[in-house]
Amino acid sequence: MNYRHIYHAGNFADVLKHAVLARLVRYMQNKDKAFRVLDTHAGIGLYDLSSEEAQKTGEWRDGIGRVIEAKLEPQVANLLEPYLSAVRELNPEGGIRLYPGSPKLSRMLFRPQDRLSAMELHPEDFVRLHRVFEGDHHVRVTELDGWLALGAHLPPKEKRGIVLVDPPFEEEGEYDRLIDGLEKAWRRFPGGTYCLWYPLKKDAPIRAFHEGLQALEIPKMLCAELTVKSDRHETGLTGSGLIVVNPPFTLKDELHALLPALKDILTQDRFASHRAFWLRGEA
Ligand code: SAM
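Residues numbered from 1 in each chain as written. Predicted model: local features only at pLDDT ≥ 70, side-chain atom pairs only at ≥ 80, totals over all residues. Heavy atoms only, no water.

### Quick notes on the layout of surface pockets
Regions of empty space are outlined by a rolling probe, equal in size to a water molecule, passed over the atoms. One number sums up the size of the largest pocket: a volume of about 920 Å³. Put simply, the parts of the chain that give the lining of the largest pocket at least two residues each are helix H1 (12-28), helix H7 (146-152), helix H8 (174-188) and strand E7 (193-201). In terms of residue count, H1 provides more of the lining of the largest pocket than any other element does, 5 residues in total. Its residues placed into classes, the lining of the largest pocket shows 16 nonpolar, 15 polar and 16 charged. (1 Å grid on protein atoms, 1.4 Å probe; cavity = no way out; pocket = protein on both sides within 12 Å on 5 of 7 lines; lining within 4 Å. Points joined across faces, edges and corners; volume = space filled by probe spheres on them. Helix = DSSP H or I, 4+ residues; strand = E, 2+ residues; numbered from the N terminus. Nonpolar A, V, L, I, M, F, W, Y, C, P; charged D, E, K, R; others polar.)

What follows is the structure, encoded as structure tokens:
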């Protein structure tokens, strides 16, 4: 396990993932009933962007660094409000030094009745994550393989929930693992909202990944992708995608407003693009 998210925190891929996660949390809160977020690959929860690691790549500068400075249309500002309000709350003196990872972001948006279960397998990152939520009775942090949590921790006792699966993609076969993990989880908890993250890069097997997901016959699956640069000369990340199972009925329209705005803000060359479509369901 070499991957450490501190090098990438707040980058363009985090922006898409966290903006959508915040929309999902807010949507759940349309009902009073409690829900749980299961965050299977949680990271350390809170990132210091002035740290040596984050400064070394500076990836956040072309991610949240651009978004926080951008002049947003009212509709887009409204859609990004839950996400950006959390970022601003962590940085009351302006600018951006602290950045919320997915578990911290969910937690910051919670009402008193909402709960979080977060898994992190890297021993050092687990310790840091645990420290962030020490004494917080809304949160359970476990040093556990997140793929196992998709079996053992579902369905949540609240019977309502969001499952974020955000693996590091440092090993071969991670796209297939996502498909298998979703199948296993969905059988145990078919009513859950799932959000799966995946990388877009040169030669990534995206078509096979989408076909594998379609073959699961899960009724409602929405796909959102945002590419910020061409992959012609790139071997690294050029964009990222999210699969949302059982999305809020509002999410597709929200993505149609959000994605073009984020593309304009995050673009690194003229090949930036976006798309949002039903992989299965309401085509
Ligand atoms: N979800 C986080 C966020 O958005 O702020 C970022 C998570 S990062 C992409 C992936 C994390 O998964 C890393 O911290 C890594 O240590 C952890 N990890 C890797 N394999 C894991 C596994 N099998 N189970 C749980 N965590 C794992």
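### Some thoughts on the site of the ligand
By nearness alone, 21 residues border the ligand, and His 18, Ser 102, Glu 120, Gly 146 and Asp 166 come closest of all. Within the side chain of Glu 120, one N or O atom sits 2.6 Å away from an oxygen atom of the ligand. If the ligand stood free it would expose 600 Å²; the protein chains cover 96% of that surface. According to the grid-proximity analysis, the pocket containing the ligand is the largest pocket. Of all the secondary structure elements, the ones that give two or more residues to the shell around the ligand are H1 and H7. A per-class count over the shell around the ligand returns 7 nonpolar, 9 polar and 5 charged. (Near = heavy atom within 4 Å. Polar contact = N/O pair within 3.5 Å; in protein donor to acceptor, adjacent residues only side chain to side chain. Areas by Shrake-Rupley, 256 points an atom, 1.4 Å probe, with all protein chains shown as cover. Sits in = over half its atoms within 2 Å of the grid points.)

### Some remarks on the state of the cysteines
Overall, the coordinates contain 0 disulfides when judged by the stated rule. Just so you know, Cys 223 is unpaired, no disulfide at all, and the nearest cysteine sulfur is the one on Cys 195, 11 Å from it. (Disulfide = S-S within 2.5 Å.)

### Notes on the environment of Pro 100
The residue Pro 100 is located in strand E3 (residues 98-100) in this model. We classify Pro 100 as buried; its relative accessible area is 0%. Remark: the alpha-carbon pair of Pro 100 and Asp 48, spanning 52 residues in sequence, is separated by 9.1 Å. Non-local contacts of Pro 100, meaning those with residues more than four positions away in its chain, are made with His 18, Gly 45, Leu 46, Val 87, Leu 90, Leu 105 and Met 108. (Buried < 20%, exposed > 50% of the residue type's maximum accessible area, 1.4 Å probe, protein only. Contact = heavy atoms within 4.5 Å.)

### Looking at the sheet that holds strand E5 (residues 139-142)
Strands sit in the order E5-E4-E1-E6-E7-E9-E8-E10 across an open sheet of 8 strands; the sheet is mixed. Every other strand in the sheet has two partners, leaving E5 and strand E10 (273-280) as the edge strands with one partner each. Recorded for the sheet is a direction-independent mean angle of 15 degrees between the axes of neighbouring strands. In terms of strand pairing, strand E1 (residues 36-39) meets strand E6 (residues 161-165) through 4 bridges, oriented parallel. Residue pairing in the sheet places Asp 39 in a bridge with Leu 164 of E6. Sheet strands touched by helix H10 (residues 251-266): strand E8 (221-227), strand E9 (237-245) and E10. Its angle to E10, the strand with the most contacts, is close to 155 degrees. (Pairing = 2+ DSSP bridges. Axes fitted to C-alpha atoms, helices over the stretch in contact; angles between N-to-C directions.)

### Comments concerning helix H4 (residues 74-90)
Compared with an ideal rise of 1.5 Å per residue, which puts 17 residues at 24 Å, H4 spans 23 Å between its outermost C-alpha atoms and is within 8% of the ideal. The principal kink in H4, of about 65 degrees, is found at Glu 81, preceding the proline Pro 82 by one to four residues. Three or more residues of H4 are buried, namely Val 76, Leu 79, Leu 80, Pro 82, Tyr 83, Leu 84, Ala 86, Val 87 and Leu 90. Where H4 is buried, its residues contact H1, strand E2 (46-48), helix H3 (64-69), E3, helix H5 (102-109) and H10. (Expected span 1.5 Å × (residues − 1). Bend = angle between axes of the 7 residues up to and from the residue.)

### Considering the pattern of salt bridges
Tallied over the full model, the rule gives 14 salt bridges. One salt bridge connects Asp 48 with Arg 97, and the closest N-O pair in it is separated by 3.0 Å. In this pair, Asp 48 is assigned in strand E2 and Arg 97 in the loop between H4 and E3, connecting sequence segments 49 residues apart. Taking the relative accessible area as the measure of exposure, Asp 48 reaches 26% and is therefore partly exposed. By relative accessible area, which is 42% here, Arg 97 ends up partly exposed. For the salt bridge of Glu 174 with Arg 177, the shortest nitrogen-to-oxygen distance reads 3.6 Å. Of the two residues, Glu 174 and Arg 177 both sit in helix H8, 3 residues apart, roughly one turn of that helix. (Salt bridge = Lys/Arg side-chain N within 4 Å of Asp/Glu carboxyl O.)

### Considerations on the nonpolar core
Residues Ile 64, Tyr 83, Tyr 198, Leu 213 and Ile 243 are the most contacted members of the largest nonpolar core, which totals 94 residues. Per element, the largest residue contribution to this core is 11 residues, and it comes from H1. Not counting residues within four places of it along the chain, the set of residues in contact with Tyr 83 comprises Asp 14, Val 15, His 18, Ala 19, Ala 22, Ile 64, Tyr 99 and Leu 105. (Core = buried A, V, L, I, M, F, W, Y, C linked by side-chain atoms within 4.5 Å.)

### Looking at the side chain of Asp 39
Looking at the element boundaries, Asp 39 is found in strand E1. Buried charge without a salt bridge: Asp 39, with Lys 17 as the nearest opposite-charge side chain at an N-O distance of 8.0 Å. Within the local environment of Asp 39, its side chain forms a polar contact with the side chain of Ser 102, the two groups lying 2.7 Å apart. Excluding residues that lie within four positions of it along the chain, Asp 39 makes contacts with Ser 102, Pro 103, Leu 116, Ser 117, Ala 118, Met 119 and Leu 164. (Lys, Arg positive; Asp, Glu negative; His and termini not counted.)

By themselves these figures say nothing about function.
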